[in-house]
Amino acid sequence: MDTEALRSFVRAAELGQFHHAAGELGVTQQAVSKRIAALERTLEVRLFARTPRGVELTLDGQAFLPHARAVVAGVERAVAAVRPGSRALRVDVLGRRSAQAVVLHAYWRSRPGTDLDVVTLRVDDPRAAVAAVEAGDVDASFRSVTDPALLPPDVRMIPAFHSPLELLVGPSHPLASARRLTPEQLRGHRIWVPGIAPLSEWAEFYDQLAAAFDLRIDAAGPHFGDEVLLDTLAESADVATLVGARDRYIWPATYDLRRIPLVNPAIAYPLSLLLPRTNPHPGLRGIIDHLATLPKPEGPVWLPTWAMER
């Protein structure tokens, strides 16, 4: 059924005049008449009776009106849900407990009226996130293309923030009692980061990190989820992993896991924001301004070669 015909019917019923409905809809009176006539042929009933003052609903028209109004309202909600600038600002993050999600939550708490839709694209290759931004599936994505020259003309990448990393270990690990650690003190220890995906930005990050400090990064085995990783750390005397200082992890108190900051230099994961080059969602301005207020890691910081300056 033609939704424009339904919209014309609803406005004509509410205004009592075809030409008033035409004026509101931005079409001619003849167009409204044709739409309603086609609708009456489809339904095989008369919806309006003409009067000296305009038109009024027949009994069939009165019965049809609430249903037509509901359909029109539903269509308008559906369009608003996907139209940039009118729908919620849709931002892709790596995970619901990631530093990006934590930062977005803090932004939303400071502006609780913000219409924000936080999503997670199930992709590892950042080029897939670029394609989602280019297609308008998301308004922005916290991903990094390590070679900005590969970005299409319609998508740009800006620095978001640097996320300092911490060592996460169980109580039996030989480094568990340390209050701070340098990257050199991690040498020889197994740092388990399961499921590092080929072509992902974090695969290149860990490659450069391992080479810079001669670290043993173990990506063996599939990633069965954070719960399995935390279970393993709690029981192990020789396995550690790296987590972002802002990343949110929850484990039972009996695990007694320790988060130990890395210093001299701090190790930071650089986060970028992909967004359209033209006509970005107006809500992005507030998020970009919020990102600029985030504190930088203290002291000397190690970053991969592709990190962007804030």
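Everything below is about the structure shown above.
Fair warning: this is a prediction, and the values are worked out from it, not measured in the lab.

Colleague: So what exactly am I meant to see when it comes to the overall build of the protein here?
Modeller: The number of helices and strands found in the protein is 9 helices and 12 strands. On C-alpha atoms alone, the protein measures out to a radius of gyration of 28 Å, which is more than a quarter above the 19 Å that the 2.2 N^0.38 rule sets for 310 residues. Across the 310 residues of the protein, 46% fall into the buried class. In the protein, once contacts between residues fewer than 6 apart in sequence are set aside, the share between residues at least 24 apart is 74%. Counting 34 positive and 36 negative side-chain charges, the protein places the averaged centre of each group 6 Å from the other.

Colleague: Would you mind showing me how to read the packing of aromatic side chains here?
Modeller: For any pair of aromatic rings, geometry is given as the distance between the ring centres together with the angle between the planes. In this structure the tally under the stated criterion is 9 aromatic pairs. On the basis of an interplanar angle of 80 degrees and a centroid distance of 5.3 Å, the ring pair of Phe-205 and Tyr-206 is categorised as edge-to-face. Residue classification places Phe-205 among the buried positions, given a relative accessible area of 0%. When its relative accessible area of 11% is taken as the criterion, Tyr-206 is described as buried. Seen from their ring centres, Tyr-269 and Trp-306 are 6.3 Å apart, and the 75 degrees between their planes marks the pair as edge-to-face.

Colleague: What exactly am I supposed to notice about the packing of helix 2 (residues 18-25) against helix 3 (residues 29-43) here?
Modeller: Any two packed helices are characterised by the angle at which their axes cross and by the distance between the axes. Closest axis-to-axis distance for the helix 2/helix 3 pair is 8 Å, and the angle between their directions is 105 degrees. By the angle between their directions, the pair helix 2 and helix 3 is classed as roughly perpendicular. Between helix 2 and helix 3, the contacting residues are Phe-18, His-19, Ala-21, Ala-22 and Leu-25 on the first element and Gln-29, Val-32, Ser-33, Arg-35 and Ile-36 on the second. Of the residues that constitute the contact of helix 2 with helix 3, the class distribution is 6 nonpolar, 3 polar and 1 charged.

Colleague: Explanation requested: the pattern of salt bridges in the structure shown.
Modeller: Opposite charge on two side chains permits pairing when their charged atoms draw close. Under the counting rule described, the total for this entry stands at 11 salt bridges. The closest approach of N and O atoms between Arg-258 and Asp-256, which form a salt bridge, is 2.7 Å. With relative accessibility at 26%, the residue Arg-258 sits in the partly exposed group. Assessed through its relative accessible area of 35%, Asp-256 is described here as partly exposed. Among the charged side chains, a network of salt bridges with common partners joins Arg-11, Glu-14, Glu-24 and Arg-69.

Here is what the cut-offs are and how they apply
- Residues numbered from 1 in each chain as written.
- Predicted model: local features only at pLDDT ≥ 70, side-chain atom pairs only at ≥ 80, totals over all residues.
- Heavy atoms only, no water.
- Helix = DSSP H or I, 4+ residues; strand = E, 2+ residues; numbered from the N terminus.
- Rg over C-alpha atoms; globule rule 2.2 N^0.38 Å.
- Buried < 20%, exposed > 50% of the residue type's maximum accessible area, 1.4 Å probe, protein only.
- Contact = heavy atoms within 4.5 Å.
- Lys, Arg positive; Asp, Glu negative; His and termini not counted.
- Charge placed at Lys NZ, Arg CZ, Asp CG, Glu CD.
- Phe/Tyr/Trp six-rings, centres within 6.5 Å; stacked < 30°, edge-to-face > 60°.
- Axes fitted to C-alpha atoms, helices over the stretch in contact; angles between N-to-C directions.
- Parallel < 35°, antiparallel > 145°, perpendicular 65-115°, else oblique.
- Nonpolar A, V, L, I, M, F, W, Y, C, P; charged D, E, K, R; others polar.
- Salt bridge = Lys/Arg side-chain N within 4 Å of Asp/Glu carboxyl O.

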